[in-house]
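Residue-level structural notes
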Amino acid sequence: MDYTDLYIDGQWQKGAAGDRFDVINPATEEVLASVASAGVEDADAALDAAARAMADWAARTPRQRSEVLRRAWELMTARLDHFAHLITLENGKAGADARGEATYAAEFFRWFAEEAVRADGLITRAPASGARIVVQHKPAGLAVLVTPWNYPAAMGTRKIAPALAAGCGVVIKPASETPLTMLALMPLLEEAGVPPGLVNVLPSGRTGALVDHMLHDPRVRVVSFTGSTGVGRKLLQSAADQVLKPAMELGGNAPCIVFEDADMDTAIEGTMLAKMRNLGEACTAANRIYVHEDVAEAFTRRLTGRMAALKTGDGTDPTVDVGPLVNAETRDKVAAFVADAVAKGAKVECGGEAPAGKGFYYPPTVLSGVSEDAACVQDEIFGPVAAIQTFSDQEDVIRRANATEYGLVAYVFSGDFKRAMQVCERLDYGMVGLNRGLVSDPAAPFGGTKQSGLGREGGHEGMLEFMETQYISADW
Ligand code: NAP
């Protein structure tokens, strides 16, 4: 591996303490690389560098910032295979999935290159005094970015691109399972014209202390986190001390509702995508599949056929559809969800048993007749398990779909557009896929309600997460 040290101020550094930790290939369980582990001294150095670089970057014109981001998109798009390969090696996802992520990740640079020049403001007159109300947006300050392992490239670029478009400097802490892709992105950003120090990458084996230290540095004004709701709560508590702007993309428990009037091909295709993109290791994964009882048997049969036909194996093999899960803990958690559902009456239609041997594999699995009290209905499965329940009544399925602390994304399949829109509007979710199994799009505001998070990434909203609104009351 070429890039395994800390990236601070445009330099590769071993870190003050000289500690390292191993990154494992989940397909083989072999060590891929030994990566430098950042401590608080390194965090200080990274924040110093980001503050220096930001002074110049924020003063550049929007067009100048935009052109650097546009170049980053061009360079990444020209090297998709390279990034896809790295993603597969450290995360495990199969080739097509990894290439899809690399493309999605690169698109954030293009989208925010376009948004960088559209930080619109407002001038109006105060109704009573007649004074001018001038409203504009300014870079909020340094941003600390913390990302998960399930999208090693895209969860980073979804934050870096809007932060840079807004004029902010950043320190990014990638997940310990998958730091290599983000490190490998840094030479590309240099080539695109990102100045030294503006983006710093700090992998760490001492994450909690490192991030907490940075959130208490007075120069930091934004914390943008993607990961579990539990860690998100902790970061919100730390962020409270300095009243930071928080952007929180947290866990999900997506319902996927298939009505009896749905086009079955569309519903199967959409459910496969919503369930199996990233082999189910996605906050957007269809976690609870509710199928109308009139079509449940046919739907289950067809979905089982599709799931059973997927080829599992090392994601570097181009014929493989489904790679390993990211680590043993995730695989064992998935196995425990299946065992619990079966103990509570579910039937295994396919899969359902982890193979022996090396690699953290779990086969594509379909469960029918899953009971409402099964653990996989309450929590994120984060694996390739389709848990099917049935319903007969629209009101009942809306109630069940909303009965969770999460509110990230829901999916609805129906051929009756009026009914479908009525149902979508009653779902307490930040996003709904209607007759589609994919909602993620750099041009759309991605994010959840309830305990799935705060704020939005992508769309017009994404850059505002890194900006402060300033209002000037002017008399001229
Ligand atoms: P995680 O355990 O919360 O870890 C996410 C990141 O937080 C990692 O970089 C991790 O570092 C860091 N972290 C862990 N403990 C921390 C602490 N005490 N203080 C500061 N940072 C800390 O989540 P994960 O298991 O990687 O990812 C899966 C979760 O992410 C799922 O719940 C999924 O739904 C959610 N997710 C949400 C979205 C969304 O957009 N809503 C997208 C993707 C994933 P280490 O790796 O070093 O522990």
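Structural data are supplied above this passage.
These lines cover the structure that appears in this document, whether it is placed above or below. Quantities reported herein were computed from a predicted structural model and do not represent experimental measurements. (Residues numbered from 1 in each chain as written. Predicted model: local features only at pLDDT ≥ 70, side-chain atom pairs only at ≥ 80, totals over all residues. Heavy atoms only, no water.)

1. Remarks on the sheet that holds strand β5 (residues 122-125)
Here is the rule we go by: Pairing between two strands is assigned when DSSP locates at least 2 bridges connecting them. What counts as a helix is a DSSP run of H or I of at least four residues, what counts as a strand is a run of E of at least two, and both are numbered from the N terminus. In this description, a line fitted to the C-alpha atoms serves as the axis of each element, helices being fitted only across the stretch in contact, and the angle between N-to-C directions of two axes falls anywhere from 0 to 180 degrees.
Taken together, three strands build an open sheet; the order of strands is β5-β6-β22 and the sheet is antiparallel. What marks the edges here is a single partner per strand, and that holds for β5 and β22 (467-474). When the angles between neighbouring strand axes are averaged without regard to direction, this sheet yields 20 degrees.

2. Focus on the packing of aromatic side chains
In this description, a pair of aromatic rings is defined by centroid distance and the angle of the planes. Counted only if it meets this: We call Phe, Tyr and Trp rings a pair once their centres come within 6.5 Å, taking the six-membered ring for Trp, and we label the pair stacked below 30 degrees between planes, edge-to-face above 60, and tilted otherwise. Two conditions define a charge sitting above a ring: the NZ of Lys or the CZ of Arg must be within 6 Å of the ring centre, and it must be within 35 degrees of the ring normal.
The tally for this structure, following the rule as stated, stands at five aromatic pairs. With a centroid separation of 4.8 Å and 50 degrees between ring planes, the pair formed by tyrosine 7 and tryptophan 12 is classed as tilted. An aromatic cluster of at least three residues, connected via ring pairs, comprises Tyr3, Tyr7 and Trp12. Its end group placed over the ring of tyrosine 151, lysine 93 keeps NZ or CZ at 4.2 Å from the ring centre. When the ring centre of phenylalanine 446 is taken as origin, the NZ or CZ atom of arginine 158, which lies over that ring, is 4.1 Å away.

3. A look at the site of the ligand
Operational definition: Any residue with a non-hydrogen atom lying within 4 Å of a molecule or strand is treated as near it. N or O atoms within 3.5 Å of each other form a polar contact, as long as, within protein, one can give a hydrogen and the other can take it, and as long as residues adjacent in sequence are counted only when both atoms are side-chain atoms. Only the protein chains shown count as cover for residues, with accessible areas throughout obtained via the Shrake-Rupley method and a probe of 1.4 Å. Definitions used throughout: a 1 Å grid over protein atoms alone; a cavity as a set of points that fits a 1.4 Å probe which cannot get out; a pocket as an open set with protein on both sides within 12 Å along at least five of seven lines; a lining residue as one with an atom within 4 Å of a point. More than half of a molecule's atoms lying within 2 Å of a cavity's or pocket's grid points is what places that molecule inside it.
In the neighbourhood of the ligand, 30 residues make up the surrounding shell, with Thr147, Ser176, Thr207, Ser228 and Glu380 lying closest. Separating an oxygen atom of the ligand from a side-chain N or O atom of tryptophan 149 is a distance of 3.0 Å. When isolated, the ligand has an accessible area of 900 Å², and the protein chains bury 85% of it. Spatially, the ligand is embedded in the largest pocket. The set of elements that each furnish at least two residues to the shell around the ligand consists of α5 (154-166), α7 (207-215), β10 (220-226) and α8 (229-241). Tallying contributions element by element places α7 first for the shell around the ligand, with three residues.

4. A look at the pattern of salt bridges
Quick note on the threshold: Whenever Lys or Arg places a side-chain nitrogen within 4 Å of a carboxyl oxygen from Asp or Glu, that contact is recorded as a salt bridge. Buried means the residue's accessible area, taken with a 1.4 Å probe over protein chains only, is under 20% of the maximum for its type, while exposed means over 50%, and partly exposed covers the values in between.
Under the defined criterion, the tally for this structure stands at 27 salt bridges. Arginine 60 serves as the salt-bridge partner of aspartate 56, at 3.1 Å between the closest nitrogen and oxygen. For aspartate 56, a relative accessible area of 40% gives the class partly exposed. In this structure, the salt-bridge partner of arginine 302 is aspartate 265, at a minimum N-O distance of 2.6 Å.

5. Digging into the side chain of threonine 88
The criterion, for reference: The criterion used for residue contact is that any of the two residues' heavy atoms lie within 4.5 Å.
Take threonine 88: it is sitting in helix α3 (residues 80-91). For threonine 88, a relative accessible area of 6% gives the class buried. Ignoring sequence-local partners within four residues, the contact set of threonine 88 consists of Lys93, Ala94, Gly95, Ala98, Gly315 and Thr316.

6. Some thoughts on the pairing of strand β18 (residues 409-413)
Our working rule: Handedness of a crossover is defined as follows: with both strands directed away from the viewer, a clockwise route from the first strand across the helix to the second makes it right-handed.
When you tally the buried positions in β18, you get five out of five residues, the bulk of the element. Residue alternation in β18 divides its side chains into two sets, Val409, Tyr411 and Phe413 and Ala410 and Val412, and both sets are buried. A crossover links β18 with its parallel partner strand β19 (residues 431-434), the connecting element being helix α14 (residues 417-426), and its sense is right-handed.

7. Things to note about the nonpolar core
One recurring pattern in soluble globular proteins: nonpolar side chains tend to sit buried together. Test applied: Residue types Ala, Val, Leu, Ile, Met, Phe, Trp, Tyr and Cys, when buried and joined through side-chain atoms within 4.5 Å, form a set referred to as a nonpolar core. Boundaries of every domain are those given by an automatic assignment or by a domain database.
If you look at the biggest cluster of nonpolar residues, it comprises 136 residues, and the most contacted ones within it are Phe109, Leu189, Leu202 and Phe299. Both domain 1 (6-250 + 452-474) and domain 2 (254-441) contribute no fewer than three residues apiece to this core. If we skip the residues at most four places from it in the chain, leucine 202 touches Leu6, Ile8, Ala38, Asp42, Ala43, Ala46, Val171, Ile172, Lys173, Pro174, Leu210 and Met214. If you look at the next biggest cluster of nonpolar residues, it comprises 15 residues, including Ile257, Tyr290, Ile398 and Val412.

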